[in-house]
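Per-entry structural report
Single-letter residue listing:
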Amino acid sequence: MLAKYFPNAVTMKGDFIQATWETLYMTFFTAVVAGIIGMAIGIGLIVTQPGGILENRVVYNILDKLVNLCRSIPFVILLAVIAPLTRLIVGTAIGTTAAIVPLVIGSAPFYARQIQNALAEVDRGVIEAAESVGSGPIAIIFRVYLREGLPDIIRSSVLTLISLIDLTAMAGAIGGGGLGNLAINVGYSRFESDVTVGAMLIILVIVFAIQLIGDFWARKVDHA
Amino acid sequence: MTNEAIIQLKDIDVTFHNKGQTVTAVKNVSLTVNRGDIYGVVGYSGAGKSTLVRVINRLQRPTAGTVEVSGQNILDLSSKELRTARTKIGMIFQHFNLMTSRTIADNVDYPLKGSKLSRAERKQKVAHLLDLVGLSEKAEDYPAQLSGGQKQRVAIARALANDPEILISDEATSALDPKTTSSILELLKRLNKELGLTVVLITHEMEAVKEICNKVAVMDAGEIIERGDLVTIFSKPDKPLTQDFINTATQINQAMEKIYKQAGTLGLDDHHILVQLQYVGATADAPLITELYKRYSVVSNILYGNVEILQDTPLGNLIVVMAGEPDQLNEAWTYCEDAGINVTQLDPNSEVA
């Protein structure tokens, strides 16, 4: 049955496992690093914006422009442009680990914007109430913004994670491997469409799983 | 009530700069609130009330002036000192501002996390506070499950968590229905009596002030235009805006409007005059209408009557048509004034304030 519809793919079990592993590897490590950087920048934007709890025009403008700049560069070009920096950090500009650097730079600004939007939904009045009982900026960030904004933070994290998987499919361009690479360089180039479809199905399963878990979690913490 | 000042605002100015425009929200306001006062600040929206009270805990830094709370100069405090000072100034808001992600108990516990209390002590304190506002059984619920009045009670419990000496109420009853409003005002009054809490109550409803305040200031366009103790302001309002607020609260405005509409049927002439009689305190008890008839054969037809009890002092308002001979009417008028009653002749052709 499987052999009938996926004649080439069944013979490439090892390649599929390898590619899935590479995709998950790139996604996981990028998510951790970009998550921390994006979260920090997103929080930075929300607290320094006009009317924020640590209003600072200069810092806000720098962060805002930086995010816009990074988001303007098409990812395929970023992969190439960033190569010297990648070599500096990882030691090489090609391979799965090397792909994590451009992936971080490609997804962190996106995540920062998502976090900014999520935190902007936190009621200004609640922030004021926290200030009125004597909370300082650190307490307000961790005990009000991140807590009250959690359902939206989870939803934007899911969105970012899915778009990150989208980006990892391009990592093949610099030898990063992964399912996207398998689909294009093997499936598409050799006219083995079943390999392309197989890679796509695995990606779909990963995406749906993330979406499902994320939605469930967000609903669980949302008491509004 | 002592005469010890707990809040002293002096010459406060607050100006905002927005896109090249300068807006003065508060103009040269001085205000002293004594320990144990329930001080009402009344004004229409945009009058600068909320901005003014935010100066008390420095949520709003004034452009000019000095702020002294419990003997501390609030404007000179460092951020850390300010945060400590703020724990002693509770605040409640029109839209409650509870955290939706936390349970009721957790909301009340929020301000306690910075305190020196142990976990067990905090739990006990939260239970005590919820009991104080009558919401013990809702401890594990989330704010979304509560009614507006209950949410405001939670907000009050939260504001009281660190045993403040002052509670600022920023339009706290404006989003509530009249019955719930009364119950929240009663709670504030009880806290004032039982805990000696000083309350600053901002509102656009004179009814709220009438129910619990002992002092009142009226704000218009960033300035305090009139202030004093409640009974004085209600019995002898000086400014038209104050009169307007009071007439709305005592519903005398609606009564006048109705009477004026039917002015034709009253048959007003030299022998019939339409007057408003206003009296404070003991004079309210004298059988005035009977006396007027016995002494001057003046017949009074009561069109509207209302008695308010303010701070245990009765304050009465009557609108009557007095009928009699012109000189008798004059004498009756003088008699009323001698009895300490404020008499105003009403002209149905004029506009109701």
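So, a few notes on the structure that sits alongside this text.

1. A few points about the overall build of chain A
Secondary structure summary: chain A contains 11 helices and 0 strands in total. Per-residue burial for chain A yields a buried fraction of 48% across its 224 residues. In chain A, the proportion of contacts linking residues at least 24 apart, taken out of those at least 6 apart, comes to 74%. Accessible area of chain A: about 11400 Å², with a carbon and sulfur share of 69%.

2. Comments concerning the packing of helix 5 (residues 148-159) of chain B against helix 6 (residues 178-195) of chain B
Residues and elements named next belong to chain B. Their axes nearest at 10 Å, the elements helix 5 and helix 6 cross at an angle of 20 degrees. Taken together, the axis directions place helix 5 and helix 6 in an arrangement best described as roughly parallel. Where helix 5 crosses over helix 6, the two elements pack in a sense that is right-handed. Contact residues: G149, Q152, R153 and I156 in helix 5; T180, S183, I184, L187, L188 and L191 in helix 6.

3. Looking at the pattern of salt bridges
Within this structure, the stated rule accounts for 21 salt bridges over all chains. A salt bridge links D238 of chain B to K239 of chain B; its shortest N-O distance comes to 3.6 Å. For D238 of chain B, a relative accessible area of 53% gives the class exposed. A residue is classified by how much of its surface remains accessible, and K239 of chain B, at 32% relative accessible area, is partly exposed. A single network of salt bridges, built from pairs that share partners, joins R147 of chain A together with R102, D106, D109, K113 and R122 of chain B.

4. What about the interface of chain A and chain B?
Facing 20 residues of chain A, the contacting portion of chain B comprises 23 residues. Interface of chain A and chain B: buried area, both sides summed, is about 1900 Å²; carbon and sulfur atoms make up 51% of it. The largest contributions to the chain A side of the interface with chain B come from V133, R143 and H223 of chain A, which together make up 32% of the buried area. Counting the contacts that link chain A with chain B gives 10 residue pairs in polar contact (both at pLDDT 80 or more). Elements represented by at least two residues in the side of chain A that touches chain B include exactly helix 7 (124-132) and helix 8 (137-148) of chain A. Here the side of chain A that touches chain B takes 7 residues from helix 7 of chain A, the largest share from any one element. Looking at the side of chain A that touches chain B residue by residue, the class counts come to 8 nonpolar, 6 polar and 6 charged.

Criteria and cut-off values
- Residues numbered from 1 in each chain as written.
- Chains lettered and ligands numbered in written order.
- Predicted model: local features only at pLDDT ≥ 70, side-chain atom pairs only at ≥ 80, totals over all residues.
- Heavy atoms only, no water.
- Helix = DSSP H or I, 4+ residues; strand = E, 2+ residues; numbered from the N terminus.
- Buried < 20%, exposed > 50% of the residue type's maximum accessible area, 1.4 Å probe, protein only.
- Contact = heavy atoms within 4.5 Å.
- Areas by Shrake-Rupley, 256 points an atom, 1.4 Å probe, with all protein chains shown as cover.
- Axes fitted to C-alpha atoms, helices over the stretch in contact; angles between N-to-C directions.
- Parallel < 35°, antiparallel > 145°, perpendicular 65-115°, else oblique.
- Left-handed = near helix turned anticlockwise from the far one by under 90°.
- Salt bridge = Lys/Arg side-chain N within 4 Å of Asp/Glu carboxyl O.
- Buried area = accessible area lost by both parts, 1.4 Å probe.
- Polar contact = N/O pair within 3.5 Å; in protein donor to acceptor, adjacent residues only side chain to side chain.
- Nonpolar A, V, L, I, M, F, W, Y, C, P; charged D, E, K, R; others polar.

The quantities given are spatial measurements derived from coordinates; they are silent on function.
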